[in-house]
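Observations on chain architecture
This is what each chain is made of:
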Amino acid sequence: MQRRQWLHASAALGCGALGLSVGQTSAWAQGMVSGRLRSLSEMLAPWRQGAAPVRQAVHLQLPLLADNGHLVPLSVRVDSPMTEADHVQEIVLVSQRNPVERMATFHVGPWSGRAEVSTRVRLAGSQMVLALARMSDGRCCYDLADVIVTESACVDGS
């Protein structure tokens with residue numbers, strides 16, 4: 001039995017024990033890009049979907065200087081009533097320089113109560129970070145922040 005067959009059989013056995021089904025699954029990976037700096041229009045292009053993004057309602061906070069690019073604290077808050085009729089659907093964090101452009105996607109809605117996330121991200125050097133919020137009415141709002149990183153992370157695409 002080859003390793004791949006053994007892994008699939010083990011996963012099927014484990015999922016079967018949990019009452020889950022195992023079928024053909026697929027995953028989509030983002031293409032890696034070198035560490036070149038992307039322009040703002042390049043960063044926004046994949047998220048437009050017909051709506052022109054506007055710089056409003058999103059508040060991105062991260063330190064101006066990060067000693068270590070492996071754990072950079074970041075928080076995003078979006079001004080929204082978070083009602084069924086008017087709410088934030090998702091918040092996306094985009095890197096200007098990382099090998100993998102999209103750092104995180106957070107799905108929120110009226111059940112969240114407020115559109116606010118805090119996390120830590122890896123950054124491949126000094127760059128601009130984009131926080132983009134997709135609203136329930138189709139609008140796209142964003143905010144930008146520059147960060148200076150003294151010790152880079154994720155230079156190998158991991």
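The rules behind the values
Residues numbered from 1 in each chain as written. Predicted model: local features only at pLDDT ≥ 70, side-chain atom pairs only at ≥ 80, totals over all residues. Heavy atoms only, no water. Salt bridge = Lys/Arg side-chain N within 4 Å of Asp/Glu carboxyl O. Buried < 20%, exposed > 50% of the residue type's maximum accessible area, 1.4 Å probe, protein only. Pairing = 2+ DSSP bridges. Helix = DSSP H or I, 4+ residues; strand = E, 2+ residues; numbered from the N terminus. Axes fitted to C-alpha atoms, helices over the stretch in contact; angles between N-to-C directions. Patch = residues over 30% accessible without salt bridge, like charges linked within 9 Å, V, L, I, M, F, W, Y side chains within 5 Å. Areas by Shrake-Rupley, 256 points an atom, 1.4 Å probe, with all protein chains shown as cover. Polar contact = N/O pair within 3.5 Å; in protein donor to acceptor, adjacent residues only side chain to side chain. Contact = heavy atoms within 4.5 Å.

1. Thoughts on the pattern of salt bridges
Evaluated as defined, the whole model comprises 5 salt bridges. Salt-bridge contacts for Arg77 lead to Asp79; the nearest nitrogen and oxygen are separated by 2.7 Å. Judged by relative accessible area, which is 37%, Arg77 ranks as partly exposed. Owing to a relative accessible area of 40%, Asp79 belongs among the partly exposed residues under this scheme. A salt bridge links Asp137 to Arg139, with the shortest nitrogen-to-oxygen separation between them at 2.9 Å.

2. What to know about the sheet that holds strand E1 (residues 58–61)
Across the sheet, which stays open at both edges, the 3 strands sit in the order E1-E3-E6 with antiparallel pairing between neighbours. Edge positions in the sheet fall to E1 and strand E6 (115–121), since each has one partner strand and no second. Neighbouring strand axes in the sheet, compared pairwise and without regard to direction, differ in orientation by 15° on average. With 7 bridges joining them, strand E3 (residues 72–78) and E6 adopt antiparallel strand pairing. Across the sheet, Pro73 pairs through a bridge with Arg120, a residue of E6.

3. What about a nonpolar patch on the surface?
Residues Leu64, Leu65 and Ile148 make up a contiguous nonpolar surface patch of roughly 320 Å² in combined accessible area. Structurally, Leu65 can be placed in strand E2 (residues 65–66).

4. Some points on the side chain of Asp143
Assignment of secondary structure puts Asp143 in strand E8 (residues 140–149). Residue classification places Asp143 among the buried residues on the basis of a relative accessible area of 13%. A distance of 3.0 Å separates a polar side-chain atom of Asp143 from the backbone nitrogen of Leu60. When neighbours within four sequence positions are excluded, Asp143 is seen to be in contact with Arg55, Val58, His59, Leu60, Val129, Leu130 and Ala131.

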